[in-house]
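Report on the structure
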Amino acid sequence: MPLLDRIRGPRDLEDLNRDELIQLAEEIRAFLVSNVSRTGGHLGPNLGVVELTLALHRVFDSPKDPIVFDTGHQSYVHKILTGRQAGFAKLRQKGGLSGYPSRSESDHDWVESSHASSSLSWAEGLAKGFRLTGEDRTVVAVIGDGALTGGMAWEAVNNIAIQKDLPLVIVANDNGRSYTPTVGGLARHLTSLRTDRRYEQGLDFIRRTMTQTPLVGPAAYEWFHGLKTGLKDVLAPQGLFADLGMKYVGPIDGHDIVEVERALTQAKRFGGPVIVHVLTQKGRGFAAAEKHEEDRFHSVGRIDEITGEPILVNPQRAWTDVFSEHLVAIGREREDVVAITAAMLHPTGLHRFAEAFPERTFDVGIAEQHAVASAAGLAAAGLHPVVAIYSTFLNRAFDQVVMDVALHRQGVTFVLDRAGVTGSDGASHNGVWDCSILSVVPGLHLAAPRDEVRLGEALRAAVDIADAPSVVRFGKDILPPAIEAVRSIDGVDVLAESGERQVLVVAHGAFVPLGLEVGERLSDQGIGVTLVDPVWALPVNPVMLDLAREHDLIISVEDSGVVGGLGSRLSQELRRHEIDTPLREFGVPDRFLGHASRGQILEELGLTSQEIARYAVEAVLRPQAVPATAGLDSSEA
Ligand SMILES: Cc1ncc(C[n+]2csc(CCOP(=O)(O)OP(=O)(O)O)c2C)c(N)n1
Ligand SMILES: CC(=O)[C@@H](O)[C@H](O)COP(=O)(O)O
Ligand SMILES: [Mg+2]
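The paragraphs below set out a description of the structure included in this document. The structure presented is a predicted model; accordingly, all values stated were derived computationally and were not measured. (Residues numbered from 1 in each chain as written. Chains lettered and ligands numbered in written order. Predicted model: local features only at pLDDT ≥ 70, side-chain atom pairs only at ≥ 80, totals over all residues. Heavy atoms only, no water.)

Here we look at the site of ligand 2
The following threshold applies: A molecule or strand has a residue near it when one of that residue's heavy atoms lies within 4 Å. N or O atoms within 3.5 Å of each other form a polar contact, as long as, within protein, one can give a hydrogen and the other can take it, and as long as residues adjacent in sequence are counted only when both atoms are side-chain atoms. Only the protein chains shown count as cover for residues, with accessible areas throughout obtained via the Shrake-Rupley method and a probe of 1.4 Å. Each residue receives one of three labels: charged for Asp, Glu, Lys and Arg, nonpolar for Ala, Val, Leu, Ile, Met, Phe, Trp, Tyr, Cys and Pro, and polar for the others, Gly being one of them. For each domain, the first and last residues come from an automatic or database assignment.
Neighbouring ligand 2 are 13 residues; His42, Tyr179, Tyr390, Asp425 and His429 lie closest to it. Ser299 has a polar side-chain atom sitting 3.5 Å from an oxygen atom of ligand 2. At 2.8 Å, a side-chain N or O of Lys476 approaches an oxygen atom of ligand 2. Expressed as a share of its isolated accessible area of 350 Å², the protein-covered part of ligand 2 is 90%. Here the residues of the shell around ligand 2 are counted per class, giving four nonpolar, six polar and three charged. Three or more residues apiece are contributed to the shell around ligand 2 by two domains, here domain 1 (3-196 + 236-290) and domain 2 (319-473).

Section: the site of ligand 1
Neighbouring ligand 1 are 22 residues, the closest being His73, Gly146, Asn175, Lys282 and Glu368. A distance of 2.7 Å separates an oxygen atom of ligand 1 from a polar atom in the side chain of His73. At a separation of 2.9 Å, a nitrogen atom of ligand 1 approaches a polar backbone atom of Ser114. Alone, ligand 1 offers 590 Å² of accessible surface; in the complex the protein occludes 98% of this. Here the residues of the shell around ligand 1 sort into eight nonpolar, nine polar and five charged. Taken together, domain 1 (3-196 + 236-290) and domain 2 (319-473) each give at least three residues to the shell around ligand 1, which thus spans both.

What to know about the packing of aromatic side chains
The condition is simple: Centre distance within 6.5 Å is the pairing criterion for rings of Phe, Tyr and Trp, where only the six-membered ring of Trp is used; planes under 30 degrees apart are then read as stacked, over 60 as edge-to-face, and the remainder as tilted. Here a helix means four or more residues in a row that DSSP labels H or I, a strand means two or more in a row labelled E, and each is numbered from the N terminus. Only protein chains enter the area calculation, which uses a 1.4 Å probe; residues under 20% of their type maximum are buried, those over 50% are exposed, and those in between are partly exposed.
Taken as a whole and judged by the stated rule, the model has 12 aromatic pairs. A centroid spacing of 5.4 Å and a plane angle of 80° characterise the contact between Phe31 and Phe88, whose relative ring orientation is edge-to-face. Taken together, the positions of Phe31 in helix α1 (residues 18-39) and Phe88 in the loop between α4 (76-81) and α5 (119-132) put the pair 57 residues apart, joining distant regions of the chain. Assigned by exposure class, Phe31 and Phe88 land together as buried. Centre to centre, the rings of Trp154 and Phe241 are 6.0 Å apart; their planes meet at 25°, and the pair counts as stacked.

Here it is, written out as structure tokens:
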């Protein structure tokens, strides 16, 4: 019987000997490869933390001792060891396991992380809280070298370092990579800790001595490890962490389970804040991942479990690809255009720009706030920065968008990928907050292009704006075919017109095809429709006000948060101009969405042409009978 079948919870790990643990680690890797290759998910990060997670669960008493996984994408092994093996068949699917820690799944999950660099603050708060309430618990934070580049992590370190009796163990899981190799001074510092020559020379000496000792088997192993640990304390540079006043243990070979356990035990006994520096290999044990230069299989779709080749290669291009190509073309024409990524060069499509213009591309680490403020500086120095970032991660840098870019009237372009409902990564990764938060930024321009042509045009227009923030947002899906306008009125594209001017459908970005379907359904019912795409949704184009005056009802559809979103902004402008045409906004309600496919989520929210058209027909035929909030109701289904 495989050992893994006997593991129902961390207690089942207690009696395993070293050989059994090694076998179990192998079984877990096979389990991960076989399952994640079928569902997709964060394979590489999890293959790297198998021994580390086994050791964590043997040394600490989870859930009494909380284990907080930074970002949380590397918590699959933790899930396997805490009774959730069966759930992997539906990982990240509707009704299945979340791709991140989830409190509804298990008491072992304390923090539903997913946005990076917050674990140390969480752990500090938990540990401080337990100390105040007199509970004897140790809190563990597992943070990657990438997540350690985030400013929040350093705000926490600064605060932790002065609390000498805080029972807090920070495990720095150093695999040298975020997606690509982790960049920056900290990464360099970790490398120097990893490769310090004095420690290596000391180890060589021990190895040579060992060949002359009479010890064999486990005794030799114990002896060797004891010496290695002692040697590290004496010879290895404690560096930055120790200088800040924290105890540093490491560097530890993260795939040597005995060594990891020993270090964690030592850290637990210490009773104050300790950083345990563990070296791991992203993608370990799966050849295709180990040699995958781009990201070591950080996040995969469905793949062949032997070769690692993607199973479904969609020949159609995604929004990211098209943006990527347009930006290179712009870069050739405009020497002042520079690009910034917060550790996501390939996922945001900036790798092409980086290949063409390496000296004009900046990877700042997982540091969105810095990325945006630094962009303001670059703009003030005469350049035009393009900050390419996932919509959800811009939340981190809202203040910098307002204070550093908008207030200073700097020409910075934000390209927001993964805008709208993304689905399988769960609540936190839907890009549904950008329009609401950006709507309140004075002077900001925002475009939601509907197809490739409009994306190219919007991007060019955005980089021409030299005195204000400009934003181009698009989703994760593949691109729809080009949708040509029937005519254009001062920048507002009219996509369809039929009959009397009864219903004005205003559709944005990826929801333009949905708007077209709504329009068709209405004209099939004999209702006059005008369908428009403003392309530039912010600031509101005055043409929209004229169009609003000419219609009886306005329906706005957007793939973003409905509260304070684009429809809502238009509605406010109408009121400001005393235009009383009723407007109903359809978009994503203000609640957290469970993980599921994009299609399933949109269906659940009633964001289908059938539901929207049903509302519009009712509102036109029986205006008195339709409640004022009906549009919002259907999106809260
Ligand atoms: C605030 C924020 N920005 C960007 C990301 C996207 N992201 C997820 S994992 C990751 C790299 C993490 O690297 P590391 O912490 O070293 O973990 P590893 O995958 O190497 O285990 C990035 C950039 C995120 N989750 N949160
Ligand atoms: C953990 C994290 O934040 C990213 O890895 C994210 O899951 C990537 O999303 P995509 O797969 O949409 O690029
Ligand atoms: Mg890493």
